[in-house]
Amino acid sequence: MKKKDIRILLVDDEPDILEIVSYNLSNEGYEVFTASNGVEGVAKAKKKQPHLIILDVMMPEMDGIEACENIRNTPGLENTIITFLTARGEDYSQMAGFDAGADDYITKPIKPKVLVSKVKALLRRLKENDATETEDVLKVGNIVIDREEYKIINNGDEIILPRKEFELLALLTSKPNKVFKREVILDKVWGNEVVVGGRTIDVHIRKLREKIGEDNFKTVKGVGYKFVL
C-alpha cells in the first residue's frame, strides 16, 4: 500500500498539536484528517474509515478513552490501528488506553522524528497482516483463531479482542509451550521501532487471562511468557 493511500485521523482539542502533527504526517505523504474532540473524531472515523487513528486522551465532550471504545464497537473499525497521545502518567493513560482497545501510545511533548518513526512502525502492521493471509485460521486445543476476521472462538464462544491482545495471543499460540522472551514479544507484536513501557506486555497478558483462561498463560520469571494447553 502506497503512503498516499493510507488515511490517518488525528483527534486533539489543541490547534497547535493538530497543526504540527498534520504537517509532519502530510509531509511524509499520508492523507491526514483532523477532529477537535471525541464526538467529532468518532463521526469522522466512521465516515473516512482511516487505517490509523491518533487520539488525545483529555478532550471536551468525549475523552479519548470513550472515543476509542466507541470506535472499537463500530463495524468496520474493529481492526483500525489506534494510538493515544498522552501527557499523563503511565499508570492511568497506558493501562486505561489498552483496556479501551488501543494498540499503543505516544507521549507529549511530541518530537516530530519520534512521531513519524512510531507511525511508520504502527503502519508496518498493515503489510504484516497482508503477508499472513494464507494462515487465516489456527486451531489450538479448544481455541480457534481467525486471523482474517480478527476473532477468537473459545469453547464455542466468540470473543472479539483488541488488536494487540489478538496479535499477542496469535504469537503465543503459534507454538504452544514455547517460552517467548519479552524482547521477542515486543519486537513481534509492537515492532522494534516502537518504544513501550515495561508493563505493556504484563497488562495485555492480564487481559488475556481474564478473557481466555488464567491457566493458559504461564509466566517464566525473568524470561517471558508461554501458552499452555
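### What about the overall build of the chain?
At step 1: Scanning the chain from terminus to terminus reveals 8 helices and 12 strands.
At step 2: Long-range pairs, those at least 24 residues apart, make up 60% of the contacts in the chain between residues at least 6 apart in sequence.
At step 3: With an accessible surface of roughly 11,200 Å², the chain has 49% of that area assigned to carbon and sulfur atoms.

### Describing the packing of aromatic side chains
At step 1: Scanning the model with the defined rule gives 2 aromatic pairs in all.
At step 2: Residues Phe217 and Phe227 carry aromatic rings whose centres are separated by 5.5 Å and whose planes lie at 75 degrees to one another, so their mutual orientation is edge-to-face. On the criterion of sequence distance, the pair formed by Phe217 in strand β11 (residues 217-220) and Phe227 in strand β12 (residues 224-227) is long-range, its members being 10 residues apart.
At step 3: Looking at Lys118, its charged tip hangs above the ring of Tyr105, at a distance of 5.6 Å from the centre.
At step 4: Against the face of Phe180 rests Lys178, its NZ or CZ located 5.3 Å from the ring centre.

### Remarks on the packing of helix α2 (residues 38-48) against helix α3 (residues 64-72)
At step 1: Packing of α2 against α3 brings their axes to within 9 Å, and their N-to-C directions diverge by 20 degrees. Between α2 and α3, the angle falls in the class roughly parallel. The way α2 lies across α3 gives a crossing that is right-handed. Contacts between α2 and α3 involve Gly38, Val42 and Ala45 from the former and Ala67, Asn70 and Ile71 from the latter.
At step 2: Looking at side-chain class alone, the contact of α2 with α3 contains 4 nonpolar, 2 polar and no charged residues.

### Some details on the packing of helix α6 (residues 163-173) against helix α8 (residues 200-211)
At step 1: Their axes nearest at 10 Å, the elements α6 and α8 cross at an angle of 80 degrees. Taken together, α6 and α8 sit at an angle that is classed as roughly perpendicular. Contacts between α6 and α8 involve Lys164, Glu165, Leu168, Leu169 and Leu172 from the first element and His204, Ile205, Lys207, Leu208 and Lys211 from the second.
At step 2: When the residues that make up the contact of α6 with α8 are grouped by side-chain class, the tally is 5 nonpolar, 1 polar and 4 charged.

### Overview of the sheet that holds strand β7 (residues 143-146)
At step 1: Strand order in the open sheet formed by 4 strands is β6-β7-β8-β9, and the pairing between neighbours is antiparallel. For this open sheet the edge positions go to β6 (137-140) and β9 (157-159), each flanked by a neighbour on one side alone. Here the strands of the sheet are splayed against their neighbours by 20 degrees on average, with no regard to which way each runs.

### Quick look at the nonpolar core
At step 1: Core analysis: the biggest nonpolar cluster contains 23 residues, and Ile152, Leu169, Leu172, Ile185, Ile212 and Phe217 have the highest contact counts within it.
At step 2: Put simply, the parts of the chain that give this core at least two residues each are β7, α6, α7 (182-190), α8 and β12.
At step 3: Take this core: its biggest share by element is 5 residues, from α6.
At step 4: Listed in part, the 22 residues of the second largest apolar core include Leu9, Val11, Ala35 and Ile82.

What counts, and at which threshold
Sequence order as written defines the numbering, with residues in each chain counted from 1. Two thresholds apply to this predicted model, a pLDDT of at least 70 for residue-level local features and 80 or more for giving and counting side-chain atom pairs, whereas whole-chain, interface and lining totals are computed over all residues. For side-chain calculations, the full set of non-hydrogen atoms in the structure is used, while hydrogens and water are omitted. To qualify as a helix, a DSSP run of H or I must reach at least 4 residues; to qualify as a strand, a run of E must reach at least 2; elements of each kind are numbered from the N terminus. For this analysis, residues touch if any pair of their heavy atoms sits within 4.5 Å. Here the open area of atoms and residues is found with the Shrake-Rupley method and a 1.4 Å probe, where only the protein chains shown may cover a residue. The criterion for an aromatic pair is that two Phe, Tyr or Trp rings (for Trp, the six-membered ring) have centres within 6.5 Å, with stacked assigned to planes under 30 degrees apart, edge-to-face to planes over 60 apart and tilted to the rest. Only Lys NZ and Arg CZ are tested; either one counts as a charge over a ring when it is within 6 Å of the ring centre and within 35 degrees of the ring normal. Whenever a helix is involved, its axis is fitted only over the stretch in contact; in every case the axis is a line through C-alpha atoms, and angles between N-to-C directions fall within 0 to 180 degrees. By the definition adopted for this analysis, an angle is roughly parallel if under 35 degrees, roughly antiparallel if over 145, roughly perpendicular if from 65 to 115, and oblique otherwise. In this scheme the crossing of two helices becomes right-handed for a clockwise turn of the near helix relative to the far one and left-handed for an anticlockwise turn of less than a right angle. Residues are grouped as follows: Ala, Val, Leu, Ile, Met, Phe, Trp, Tyr, Cys and Pro are nonpolar; Asp, Glu, Lys and Arg are charged; all remaining types, including Gly, are polar. Strand pairing is defined by DSSP finding a minimum of two bridges between the two strands. Definition of nonpolar core: a set of buried residues of the types Ala, Val, Leu, Ile, Met, Phe, Trp, Tyr and Cys, connected through side-chain atoms within 4.5 Å. Each residue gets one of three labels from its accessible area relative to the maximum for its type: buried under 20%, exposed over 50%, partly exposed in between, using a 1.4 Å probe on protein chains only.

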